[in-house]
Amino acid sequence: MSDSECRHYPILFAGAGPGARDLITIRAQNALRQADLIIYAGSLVNEELLQEAPHAELRNSAHMTLQEVIQSLAEAYYKGRRAVRLHTGDPAIYGTVAEQFRELDRLQIPYEVIPGVSSVFAAAAALKTEFTMNDVTQTAILTRFAGRTPVPEAENVPALASLGNATLCFFLSAGSLDSLCRELLQSGKSPETPAAVVWKASWPDQKIVRGTL
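Structure report, in brief.

Here is what the cut-offs are and how they apply
Residues numbered from 1 in each chain as written. Predicted model: local features only at pLDDT ≥ 70, side-chain atom pairs only at ≥ 80, totals over all residues. Heavy atoms only, no water. Phe/Tyr/Trp six-rings, centres within 6.5 Å; stacked < 30°, edge-to-face > 60°. Helix = DSSP H or I, 4+ residues; strand = E, 2+ residues; numbered from the N terminus. Buried < 20%, exposed > 50% of the residue type's maximum accessible area, 1.4 Å probe, protein only. Disulfide = S-S within 2.5 Å. 1 Å grid on protein atoms, 1.4 Å probe; cavity = no way out; pocket = protein on both sides within 12 Å on 5 of 7 lines; lining within 4 Å. Points joined across faces, edges and corners; volume = space filled by probe spheres on them. Nonpolar A, V, L, I, M, F, W, Y, C, P; charged D, E, K, R; others polar.

When we look at a pair of aromatic rings, we describe it by the centre distance and by the angle of the planes. For the coordinates displayed, the defined rule picks out 5 aromatic pairs. A ring pair is formed by Phe-13 and Phe-101, whose centres lie 4.9 Å apart and whose planes are at 90°; its orientation type is edge-to-face. Remark: Phe-101 occurs in helix 3 (residues 98-106) and Phe-13 occurs in strand 1 (residues 11-15); sequence separation between them is 88 residues. Each member of the pair, Phe-13 as well as Phe-101, carries the same accessibility label: buried. A centroid spacing of 5.9 Å and a plane angle of 80° characterise the contact between Phe-13 and Tyr-111, whose relative ring orientation is edge-to-face. One end of the pair, Phe-13, is in strand 1; the other, Tyr-111, is in strand 5 (residues 111-114), with 98 residues separating them in the sequence. Using a relative accessible area of 0% as the deciding quantity, one classes Phe-13 as buried.

Listed below in structure tokens is the structure:
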């Protein structure tokens, strides 16, 4: 059968969840079970999830460029193979999916997105807390510390710290903890502000540190 005669399946972008094997959605799990090709986000994805796809070709995107990822997805599409791009957590949060969407749009290759459980919510569950509470705050901000990668000035730590009692949820920032806490304190946050760090939320080796700034 020629490529033109193949049945073509849309590319599926799926959220793998925060780490625990049973925190992936049923829809994403079914996509893995039916997949012919899975391109997954390296060590950020629990490899136990890949056991759901014993017949799929597996490729680690940590060793691939954007163009290599797109080329692999396009080849699968044209050959009538079911392809899944597996991102950690939910693809919409630091998933760098927009650039992949643009390339697939340019190639006129259809795709769909399967949402996932973000690590920010797995962290809240691990802490047994909620980010919005009556008489405390009705706002939660999902962001990251600048570190080696800059953020817009309007979204830097002093700007966010000025927003009253809003809950600040910092991704990808545990390695900059000293600098982050220092900037929050210099921005006017009280040293007694409650704070917590959750490392590898929902994974078997999850770690939690509680304290104050």
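On we go from here.
Another aspect to go through is the state of the cysteines. Cysteine pairs can be linked by a disulfide, which is a covalent bond between their two sulfur atoms. In this structure the tally under the stated criterion is 0 disulfides. Free cysteine: Cys-169, not disulfide-bonded; nearest cysteine sulfur from Cys-181 at 14 Å. Given the relative accessible area of 19%, Cys-181 is considered buried.

In this structure, the second largest pocket occupies an estimated 210 Å³ of space. Around the second largest pocket, the lining comprises 14 residues; the ones closest to its centre are Leu-12, Ala-31, Gln-34, Arg-82 and Glu-112. Within the residue set of the lining of the second largest pocket, elements represented by two or more residues are helix 1 (26-34), strand 4 (83-87) and strand 5. A total of 4 residues in the lining of the second largest pocket trace back to one element, the largest contributor, which is helix 1. Here the residues of the lining of the second largest pocket sort into 9 nonpolar, 2 polar and 3 charged.

Remember that the coordinates give geometry; whether it matters functionally is a separate question.
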